[in-house]
Amino acid sequence: MTSGLWELVLKGVWVTVQLLVCSALLATAVSFVVGVARTHRLWIVRFLAGFYTEVFRGTSALVMIFWVFFVLPPAFGWQLVPLWAGTLALGLTYGAYGSEIVRGGLGAVDPAQQEGGIALSFTPWQRMRLILLPQAVPEMIPPFSNLLIELLKGTALVSIMGMGDLAFSGNLVRLALQESAEIYTYILLIYFVIAFLLTRVMRGLEKQLKAGLGKAPARGAKAPEPASVGGLR
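Chemist: I'm lost on the overall build of the protein chain in this one. Help?
Modeler: Counting its regular elements, the protein chain contains eight helices and zero strands. Scanning the protein chain from its N terminus toward the C terminus, one meets helices and strands in the order α-α-α-α-α-α-α-α. For 233 residues, the compact-globule estimate of 2.2 N^0.38 gives 17 Å, and the protein chain exceeds it by more than 25% at 22 Å. Once the C-alpha set of the protein chain is aligned to its principal axes, its extents read approximately 75 × 55 × 25 Å. The buried share of the protein chain, taken over its 233 residues, is 36%. Once local pairs closer than 6 in sequence are excluded, the contacts in the protein chain between residues at least 24 apart make up 73%. Total accessible area on the protein chain is roughly 13600 Å²; 68% of this is exposed by carbon and sulfur atoms. With 18 positive and 12 negative side-chain charges, the protein chain shows a separation of 8 Å between the mean positions of the two kinds.

Chemist: Looking at this structure, how should I read the pattern of salt bridges?
Modeler: One side chain can pair with another of opposite charge once the charged atoms of both are near each other. Considering all chains together, one arrives at six salt bridges under this definition. For Lys-11, the salt bridge identified is with Glu-7, shortest N-O distance 3.8 Å. Pair noted here: Lys-11 and Glu-7 are both in helix α1 (residues 3-37), with a separation of four residues, about one helical turn. Here Glu-100 makes a salt bridge to Arg-38, at a shortest N to O gap of 2.6 Å. Taken together, the residues Glu-100 in helix α4 (residues 82-107) and Arg-38 in the loop between α1 and α2 (43-57) connect sequence positions 62 residues apart. Through salt bridges with shared partners, a single network forms among Arg-38, Glu-100 and Arg-103.

Chemist: What is the right way to look at helix α7 (residues 166-177) in this model?
Modeler: Residues three or four positions apart in an α-helix share a direction because the helix packs 3.6 residues into each turn. With twelve residues, α7 ought to run about 16 Å at 1.5 Å a step, and its terminal C-alpha atoms sit 16 Å apart, in line with that. Looking at the packing, one finds that the buried side of α7 touches α1 and α8 (180-212). At the N-terminal end of α7, a side-chain oxygen is found 3.3 Å from the backbone nitrogen of Ala-167, two or three residues along, and the residue is Asp-165. At the exit of α7 stands Gln-178, carrying a positive phi of roughly 55°.

Rules used in this analysis
- Residues numbered from 1 in each chain as written.
- Predicted model: local features only at pLDDT ≥ 70, side-chain atom pairs only at ≥ 80, totals over all residues.
- Heavy atoms only, no water.
- Helix = DSSP H or I, 4+ residues; strand = E, 2+ residues; numbered from the N terminus.
- Rg over C-alpha atoms; globule rule 2.2 N^0.38 Å.
- Buried < 20%, exposed > 50% of the residue type's maximum accessible area, 1.4 Å probe, protein only.
- Contact = heavy atoms within 4.5 Å.
- Areas by Shrake-Rupley, 256 points an atom, 1.4 Å probe, with all protein chains shown as cover.
- Lys, Arg positive; Asp, Glu negative; His and termini not counted.
- Charge placed at Lys NZ, Arg CZ, Asp CG, Glu CD.
- Salt bridge = Lys/Arg side-chain N within 4 Å of Asp/Glu carboxyl O.
- Expected span 1.5 Å × (residues − 1).
- Polar contact = N/O pair within 3.5 Å; in protein donor to acceptor, adjacent residues only side chain to side chain.

Set out below in structure tokens:
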């Protein structure tokens, strides 16, 4: 490929990364807000959070992008740029899946921890912030890592709006060169590299969080010395 075509592909990579970061931030916020709401003591809060989850899990992300980009703006008299339309559609959709991860992680914490917080007269927010979330979040990282990879692959759907992401740019290069196998192989490799880097980052984050809870040694930490028996090692 010529330098100009490579530049087009790299611009597509940058657009994909921007969309991934923005939609991941929105999905994370939605995941925790809705996931915590699913455990609320008021039934109406649980119902609304559950309704949201079922709606967005039960609809196609592709159709949701169409709806947000083509249907929603005219109803309010304004227009979304493709980046923000894609961010909104993907963030809300994948946030619904993430909310189940949060709900499951909170539910997996030993009930005795919750009871201990009640015995200490902690408010519900204090129990959530000081007891439940610090123990649940490290266990959420592996499923969130998988969801992040799925979100990365889902960013290719925004090409239907004409947004110049990696998939859209790769298709333009394919049309220019009339070469499918080579171009799509490059695109697959680029997606794989991004996904691999994301996996490494998430795995490192998981280790650090678990090290903070004493579940795994932090990188570079020394192994504990063997205990002495009868004063002898």
